[in-house]
Amino acid sequence: MATAIQMPSVQSKVSDEEWSARVDLAAAYRLVALYGWDDIIFTHLSVRVPGPEHHFLINPYNLMFEEITASSLVKIDVHGNAVGETPYVTNPAGFTIHSAIHMAREDAKAVVHLHTPYGQAVSAMEFGLLPHTQTAMIAQHDVAYHDYEGIATDLDERERLVADIGTKNAMILRNHGTLTVGETVADAFMRMYFLERACEAQVHMLAAGRENLNTPPQGTPEKVKDQSTGQGMMLLTRMLAWPALLRKLDRIDPSFRN
């Protein structure tokens, strides 16, 4: 009979800032599992550890997302090497994608990458994300695209990932999945929430045929962009939505904080 994996707490061994980042990232993993966005053990979320070393935290490769805790996250350097002792290994493809973004974008402190059926479906559509729902209009203006190059174990791909995302905060990886970044875990998670909801709606609405879709009035996507960016969205994410999501997790299973 399988038993729950127990990991000794590392809280006393890390800074308060790193522990806070660990708790937020563990929460994001649990939320991904809760929303059904996980892919057994095969996708990854990461956050940069506060400090000048450019270390970042990523999931142990053998844990389900609902098992991940703040202490079980693995700290690695930009070369993919574990920093400190850990009983776990990490995903090489996760290192390729995440290290590329973390190394190139000082503002990309958190990175979320998923392989959901809806995200993959839109990634395989030639026209990409359509601006036909409010959620898509919130997300679309900030979405870049990266062509598929195979499973991301080739370190040379990092240059092209960075060039393709540019200054945007979301990317559809063609024939692969979705990716978002943010100054905080909360920012990256909420961007992914909007992107994934937009992809899900698009898959459903295309059942009517693209020729039967109602195109929003001219100028509306630009208006929604202005309404959903800037300080207001940041405050909504960090002060309202993220704390509410943490309370939800605490009600369900607070062990992510361990």
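Keep in mind it's a predicted model, so treat the numbers as computed, not measured. (Residues numbered from 1 in each chain as written. Predicted model: local features only at pLDDT ≥ 70, side-chain atom pairs only at ≥ 80, totals over all residues. Heavy atoms only, no water.)

Student: Whenever I open this one, the overall build of the protein confuses me. Can you help?
Tutor: Along its length, the protein carries eight helices and seven strands. Taking 258 residues into account, the globule formula puts the C-alpha radius of gyration at 18 Å, and the protein, at 18 Å, falls close to it. Within the span of the protein, comprising 258 residues, buried residues form 49% of the whole. Taking all contacts inside the protein whose residues are at least 6 apart in sequence as the whole, residues at least 24 apart take part in 68%. For the protein, the exposed surface amounts to about 12,500 Å²; the carbon and sulfur share of it is 53%. (Helix = DSSP H or I, 4+ residues; strand = E, 2+ residues; numbered from the N terminus. Rg over C-alpha atoms; globule rule 2.2 N^0.38 Å. Buried < 20%, exposed > 50% of the residue type's maximum accessible area, 1.4 Å probe, protein only. Contact = heavy atoms within 4.5 Å. Areas by Shrake-Rupley, 256 points an atom, 1.4 Å probe, with all protein chains shown as cover.)

Student: Looking at this structure, how should I read the sheet that holds strand β5 (residues 143-146)?
Tutor: Across a sheet, strands are paired by hydrogen bonds formed along the backbone, either parallel or antiparallel in direction. Here seven strands make up an open sheet; going across it, the order is β3-β2-β1-β4-β7-β6-β5 and the pairing mixed. The sheet is open, and its two borders are formed by β3 (74-76) and β5, each paired with just one other strand. Between one strand axis and the next, the sheet turns through 20° on average, direction left out of account. Of the strand pairs in this sheet, strand β2 (residues 56-58) and β3 are connected by three bridges, and their pairing is antiparallel. Bridge pairing links Leu57 to Lys75 in β3. The strands that helix α5 (residues 157-165) touches are β5, β6 (170-173) and β7 (177-182); relative to β5, the one it contacts most, it runs at about 150°. Where helix α6 (residues 185-205) meets the sheet, it contacts β1 (44-48), β4 (110-114), β5, β6 and β7, and its direction lies at approximately 150° from that of β7. (Pairing = 2+ DSSP bridges. Axes fitted to C-alpha atoms, helices over the stretch in contact; angles between N-to-C directions.)

Student: Can you walk me through the nonpolar core in this structure?
Tutor: Note that soluble globular proteins tend to have their nonpolar side chains buried in a common cluster. In terms of nonpolar packing, the biggest core is built from 48 residues, with Tyr29, Leu45, Phe189 and Trp242 touching the most fellow members. Within the residue set of this core, elements represented by two or more residues are α1 (16-34), β1, β2, β3, β4, α4 (134-140), α6 and α8 (231-252). Looking at this core, the element that brings in the most residues is α1, giving eleven residues. Counting 13 residues, the second-largest nonpolar core is a separate cluster that includes Ala100, Val111, Leu161 and Ile165. (Core = buried A, V, L, I, M, F, W, Y, C linked by side-chain atoms within 4.5 Å.)

Student: Would you explain the environment of Ala136 in this entry?
Tutor: Relative to the helices and strands, Ala136 resides in helix α4. Distance from Ala136 to Pro221, taken between C-alpha atoms, is 8.8 Å for residues 85 residues apart in sequence. Non-local contacts of Ala136, meaning those with residues more than four positions away in its chain, are made with Leu129, Leu130, Pro131 and Ala198.

Student: Where do I start with the pattern of salt bridges in this structure?
Tutor: Opposite charge on two side chains permits them to pair, given that their charged atoms come into close proximity. Counted under the stated rule, the structure contains nine salt bridges. One salt bridge connects Arg105 with Asp107, and the closest N-O pair in it is separated by 2.8 Å. Looking at Arg105, the relative accessible area reads 9%, which means it is buried. By relative accessible area, Asp107 is classed as partly exposed at 29%. The residue Arg160 makes a salt bridge to Glu149 at a minimum N-O spacing of 2.7 Å. Residue Arg160 is located in helix α5, and its partner Glu149 is located in the loop between β5 and α5; the two are separated by eleven residues in the primary sequence. (Salt bridge = Lys/Arg side-chain N within 4 Å of Asp/Glu carboxyl O.)

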